[in-house]
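Survey of secondary and tertiary structure
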Amino acid sequence: MARVGTALRELRGAQKSAKGVSLYSRFVNRPAGRYLAAVSHALGLTPNQVTLVSAAFSFAAVAAVALCAPSWGLGVAVWAALAVGFAFDSADGQLARLRGGGSAAGEWLDHVVDCAKLTALHTCVLTAFYRFPEAYGTGGEGWLLVPLGFQLASVVTFFGGLLTEKLKPKPAPGSPAAAPSTVRAVALLPVDYGVFCLVFLTLGGGALFRWAYAGLGAVAVLFLVAFLAKWFRELSAVPR
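First things first, this report covers the structure right here in the doc.

How each quantity is defined
- Residues numbered from 1 in each chain as written.
- Predicted model: local features only at pLDDT ≥ 70, side-chain atom pairs only at ≥ 80, totals over all residues.
- Heavy atoms only, no water.
- Helix = DSSP H or I, 4+ residues; strand = E, 2+ residues; numbered from the N terminus.
- Contact = heavy atoms within 4.5 Å.
- Areas by Shrake-Rupley, 256 points an atom, 1.4 Å probe, with all protein chains shown as cover.
- Phe/Tyr/Trp six-rings, centres within 6.5 Å; stacked < 30°, edge-to-face > 60°.
- Buried < 20%, exposed > 50% of the residue type's maximum accessible area, 1.4 Å probe, protein only.
- Lys NZ or Arg CZ within 6 Å of the ring centre and 35° of its normal.
- Patch = residues over 30% accessible without salt bridge, like charges linked within 9 Å, V, L, I, M, F, W, Y side chains within 5 Å.
- Salt bridge = Lys/Arg side-chain N within 4 Å of Asp/Glu carboxyl O.
- Expected span 1.5 Å × (residues − 1).
- Axes fitted to C-alpha atoms, helices over the stretch in contact; angles between N-to-C directions.
- Parallel < 35°, antiparallel > 145°, perpendicular 65-115°, else oblique.
- Nonpolar A, V, L, I, M, F, W, Y, C, P; charged D, E, K, R; others polar.
- Left-handed = near helix turned anticlockwise from the far one by under 90°.

The next point concerns the overall build of the protein chain. Regarding its fold elements, the protein chain presents ten helices and zero strands. Taking the intrachain contacts of the protein chain between residues at least 6 apart in sequence as the baseline, contacts between residues at least 24 apart amount to 82%. When the accessible surface of the protein chain is totalled, it reaches about 12,500 Å², and 70% of it is carbon and sulfur.

Next comes the structure, spelled out in structure tokens:
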């Protein structure tokens, strides 16, 4: 316990900037990840091992969505596994900073797992809509396009944001970090992965889940359009 407490104190002073982070990630997921990172450090786990733990929770939930008939109990289990997986996804980077810095291979593994998780999750919702049309009310083939559109928006947003950060000039060493905007943090809630996971609590509602999922998908498309315009404008000002 002493090692966990020491690690927590060190992690509190080694947090990334909250700029561009939603309220859920800032006040729920990152603190949860901080505790998991401290415990993982005490257990002697490496950041890559924590990434794989995150993947195990996430992909177990993904498989359950595709393979099991929807129910309220399944929804709670899927949400819990996704939320824990997301917290471990935050923990691996925090653990890396606690150990003195991560590696290129570790960052690569983290991003590959994140991309695979996003792709698999929407693919499994599509599979569930196809396998259990009576439960979800997705007998019409048009509903199968919804997860495909949601998947496209999610993956392009993920890749576009990642590439934008790589291409933008890095701030000068020692320059003060921009203060996080509360308004922006609230506005980003609809496209926060942790908030998205909450929709699976409605799995037992069948049509309720279908409409909630479709609604978040529509919001994801709108945000993608806004993000692409913003990122292109920012990168257009960068000299080649």
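From this point, the narrative continues.
Turning our eyes to something else, we now look at the packing of aromatic side chains. For any two aromatic rings, the description comes down to two numbers: the centre-to-centre distance and the angle of the planes. Evaluation of the coordinates by the stated rule reveals 17 aromatic pairs. Between the aromatic rings of Tyr193 and Phe196, the centroid separation amounts to 6.2 Å while the plane-to-plane angle is 50°, which identifies the pairing as tilted. Remark: Phe196 and Tyr193 occur in helix α9 (residues 193-197); sequence separation between them is three residues, near one turn of the helix. As far as the burial class goes, Tyr193 and Phe196 line up, both buried. Taken together, a centroid distance of 5.4 Å and an interplanar angle of 45° make the contact between Phe200 and Phe209 tilted. Accessibility assignment for this pair places Phe200 and Phe209 in one class, buried. Through successive ring pairs, a cluster of aromatic residues spans Tyr24, Phe86, Phe129, Tyr136, Phe150, Tyr193, Phe196, Phe200, Phe209 and Tyr213. Positioned over the ring face of Tyr193 is Lys117, at 4.6 Å from the centre of the ring.

For the rest of this paragraph, the subject is a nonpolar patch on the surface. Among the surface-exposed residues, Phe159, Leu163 and Leu167 lie close enough to one another that they form a single nonpolar patch of about 290 Å² accessible area. By the secondary structure assignment, Leu167 is in helix α7 (residues 145-167).

Count 3.6 residues to each turn of an α-helix, and residues three or four apart come out pointing the same way. Across its 21 residues, helix α3 (residues 47-67) extends 30 Å between first and last C-alpha, which sits within 8% of the 30 Å expected from 1.5 Å per residue. Of all the positions in α3, only Pro47, Val50, Thr51, Ser54, Ala55, Ser58, Ala61, Val62, Ala64, Val65 and Ala66 are classed as buried. For α3, the secondary structure elements touched by its buried residues are α2 (23-43), α4 (72-98) and α5 (104-131).

Attention shifts here to the packing of α3 against α5. At a minimum axis distance of 8 Å, the contact between α3 and α5 shows a crossing angle of 5°. The orientation of α3 with respect to α5, classified from their angle, is roughly parallel. For the contact of α3 with α5, the class distribution of residues is 14 nonpolar, five polar and three charged.

Axis separation between α7 and helix α10 (residues 207-236) bottoms out at 9 Å; the angle between their running directions is 25°. As the angle between them shows, α7 and α10 are arranged roughly parallel. At the point where α7 passes α10, the crossing takes the left-handed sense. Judged by residue contacts, Val146, Pro147, Gly149, Phe150, Ala153, Val156, Thr157, Gly160, Gly161, Thr164 and Leu167 of α7 engage Tyr213, Ala214, Leu216, Gly217, Ala220, Val221, Leu224, Phe227, Leu228, Trp231, Glu234 and Leu235 from α10. A class-by-class count of the residues in the contact of α7 with α10 yields 16 nonpolar, six polar and one charged.

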